[in-house]
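One-letter residues, chain by chain:
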Amino acid sequence: MIPSILSKDTIVALATAAGHGAIAIIRLSGPEAISIVQGVFKGKNLQKQASHTLHFGTIRDGEKILDEVVISLFKGPSSYTKEDVVEVSCHGSPYITEQLLKLFLRQGARLAEPGEFTKRAFLNGQFDLAQAEAVADLIASDSALTHQVAMKQMRGGFSQEIKALRAQLIHFASMIELELDFSEEDVEFADRDALRRLITTLQRLIADLLQSFEMGNVLKNGVPTVIAGKPNAGKSTLLNALLNEEKAIVSDIPGTTRDVIEDEANIGGIRFRFIDTAGLRDTLDKVEAIGVARTKEQLRKAALVLYLFDLSTTSPAQVQEELDALELPQVPYLLLGNKKDLASPAQLAAFSDGENMVFLSAGTKEGLEELKQALLDQVHANEAMTGDRTIVTNLRHFQSLKKTDDALLEVLQGLASGLTGDWLAADIRRCLFYLGEITGEITTDDLLDNIFTKFCIGK
Ligand code: GDP
């Protein structure tokens, strides 16, 4: 099938990262892609070559050889954009790529806008909008989980779910619209009970997706993990050990960690966002008091709390007292008995080795691996994160789902109050509109611009 929205322009951009590299790739897409490269390429006649073939030769500016290159040829529609695409693999020097780009521009190509290759791929039906957005997420993925979610979305997992929901609604909308054609005869083609059941099923599915967004954010931005505990318990030392660098200030004077320090570490493919807090103690020191207030604020944002105490100076009863005073939010927490190296056998024995208790020595890093395992166990215990469930990571999708949800409620209310077919049909069409926005059945130029300008040039 010949794509319907083929562009007249041929676009060009550097597809690999800027800077020096073994090779760099310049990509062209559009009706003149092959002829533009042919015009400056000395080698085989590219016009006569089959798609998906490689060709070695030189690129020349007049008589001057700019580089020896390998041309990858993709003829539309069997290409990323479904247009003719040529990829020029050259030596990875910023000077060479600049010269080649300038040459292709002089030959009639235009510099691609951010995301324009992917936008063309979308417009030409290579994939839907949610899949196109997943391409950007895939490039940005930096942990096993974000990679897994983006890959699933790019391969159409999320889109399939949305399209299935939409197909069922379309069926009802058309049935109801059919009734309108026979309005004189007072017939009901659309079974109202079945419609009501469908809407409640959709509401449940959408509620799941909406809920997954919170998880999606955690995946994208890291599991917010607050490290709390009294001054001098060793919070900063632990944070340093986890991050493997000297970011938090460590000192012997209680209360030196006055501000909130945040950093990320990738542990076992999951990104954790560690938040070190000021020492928790009642104090008259004004700065310190602000710190304590902030700790409580941070605790509210936590998905996981690590409560640290000094094994050598704290009794189990004191730990309990500290925990009670903290009013921990309803999130999983781990109790970390620190300074194991200083604790006597009797002090150690006083604490039962409970399920969420880890003994360690942040200073010597003893027990750090057990702690990392315990962190992973906490995340894996959360089925939503590891199951095969679809996770919404994109704010735009979340907003469209929310609007669909509101419109579904109106359909239900309409059904309950015996609303006439034309009004019901209008409400169902609104649901279809919002669902269609996600996968791109419904688009506007603004929407597309908004999405694709966030891509990098060359993608
Ligand atoms: P914070 O106030 O909770 O952030 O505590 P710090 O990380 O600043 O540590 C307070 C003091 O305890 C510092 O002198 C650390 O070197 C020391 N410390 C931290 N962890 C350990 C440990 O596991 N063993 C020993 N012996 N000292 C530690």
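Residues numbered from 1 in each chain as written. Predicted model: local features only at pLDDT ≥ 70, side-chain atom pairs only at ≥ 80, totals over all residues. Heavy atoms only, no water.

The protein chain appears in an unreviewed UniProt entry as tRNA modification GTPase MnmE from Rufibacter sediminis.

A. Molecular detail of the packing of helix H3 (residues 116-123) against helix H16 (residues 445-452). The contact between H3 and H16 brings their axes to 10 Å, and the two run at 140 degrees. One finds that H3 runs oblique with respect to H16. Here H3 and H16 pass one another in a crossing that is right-handed. In this structure, H3 contributes Thr-118, Lys-119, Phe-122 and Leu-123 to the contact, and H16 contributes Leu-448, Asp-449 and Phe-452. (Axes fitted to C-alpha atoms, helices over the stretch in contact; angles between N-to-C directions. Helix = DSSP H or I, 4+ residues; strand = E, 2+ residues; numbered from the N terminus. Parallel < 35°, antiparallel > 145°, perpendicular 65-115°, else oblique. Left-handed = near helix turned anticlockwise from the far one by under 90°. Contact = heavy atoms within 4.5 Å.)

B. Up close: the packing of helix H6 (residues 157-181) against helix H15 (residues 421-439). Where H6 contacts H15, the two axes come as close as 9 Å, and the packing angle between them is 160 degrees. With respect to their mutual orientation, H6 and H15 come out roughly antiparallel. Pair H6 / H15 crosses with left-handed handedness. Partitioning the contact of H6 with H15 into residue classes produces 16 nonpolar, 5 polar and 5 charged. (Nonpolar A, V, L, I, M, F, W, Y, C, P; charged D, E, K, R; others polar.)

C. Here's a closer look at the side chain of Glu-87. Tracing the backbone through its elements, the reader meets Glu-87 in strand S6 (residues 85-92). Judged by its relative accessible area of 18%, Glu-87 falls in the buried class. Discounting chain neighbours no more than four positions away, the residues touching Glu-87 are Ile-25, Ile-26, Arg-27, Val-70, Ile-71, Ser-72 and Phe-74. (Buried < 20%, exposed > 50% of the residue type's maximum accessible area, 1.4 Å probe, protein only.)

D. Here's a closer look at the sheet that holds strand S1 (residues 11-14). The strand order across the open sheet built from 7 strands is S3-S4-S5-S6-S2-S1-S7, with neighbouring strands paired in mixed fashion. One side of each edge strand has no neighbouring strand; the edge strands of this open sheet are strand S3 (41-42) and strand S7 (110-111). Bridge count between S1 and strand S2 (residues 21-29): 4 bridges; the pairing is antiparallel. Counterpart to Val-12 in the pairing with S2 is Leu-28. Packed on one face of the sheet, helix H2 (residues 94-106) meets S1, S2, strand S4 (53-61), strand S5 (64-74), S6 and S7 and runs near 150 degrees to S6. (Pairing = 2+ DSSP bridges.)

E. Geometry of unusual backbone geometry. Following Gly-76, the chain continues into Pro-77 via a peptide bond in cis, with omega recorded as 0 degrees. Relative to the elements of secondary structure, Pro-77 occurs in the loop between S5 and S6. With a phi angle near 75 degrees, Lys-82 is a residue other than glycine that sits in the positive phi range. Locating Lys-82 in the fold gives a position in the loop between S5 and S6. For Lys-82, a relative accessible area of 22% translates into the label partly exposed. Here Lys-339, not a glycine, exhibits a phi torsion of approximately 60 degrees, which is positive. Within the fold, Lys-339 resides in the loop between strand S12 (333-338) and helix H11 (345-350).

F. H2, seen in detail. Helix length check: H2 (13 residues) gives 18 Å between terminal C-alpha atoms against 18 Å at 1.5 Å per residue, within 8%. Buried residues of H2: Ile-96, Thr-97, Gln-99, Leu-100, Leu-101, Leu-103 and Phe-104, and no others. The N-capping residue of H2, defined by a side-chain oxygen 3.1 Å from the backbone nitrogen of Tyr-95, is Ser-93. Positioned one or two residues after H2, Gly-108 has a phi angle of 120 degrees, which is positive. (Expected span 1.5 Å × (residues − 1). Polar contact = N/O pair within 3.5 Å; in protein donor to acceptor, adjacent residues only side chain to side chain.)

G. Local environment of the pattern of salt bridges. By the definition in use, this model includes 19 salt bridges. Here Glu-116 and Arg-120 are joined by a salt bridge, their closest N and O atoms 3.6 Å apart. With a gap of 4 residues between them, Glu-116 and Arg-120 both fall in helix H3, about one helical turn apart. For Arg-120, a relative accessible area of 4% corresponds to the buried category. With a closest N to O distance of 3.2 Å, Glu-366 and Lys-340 form a salt bridge. With Glu-366 in the loop between strand S13 (357-359) and helix H12 (368-380) and Lys-340 in the loop between S12 and H11, this residue pair connects regions lying 26 residues apart in the sequence. Judged by relative accessible area, which is 39%, Glu-366 ranks as partly exposed. Under the relative-accessibility criterion, Lys-340 is labelled partly exposed at 28%. (Salt bridge = Lys/Arg side-chain N within 4 Å of Asp/Glu carboxyl O.)

H. Expanded view of the pairing of S4. Sheet topology note: the S3/S4 ladder contains 2 bridges and is antiparallel. For Lys-42, the partnering residue across the bridge sits in S4 and is Thr-58. With 9 bridges joining them, S4 and S5 adopt antiparallel strand pairing. Within S5, the residue paired with Gly-57 across the bridge is Val-69.

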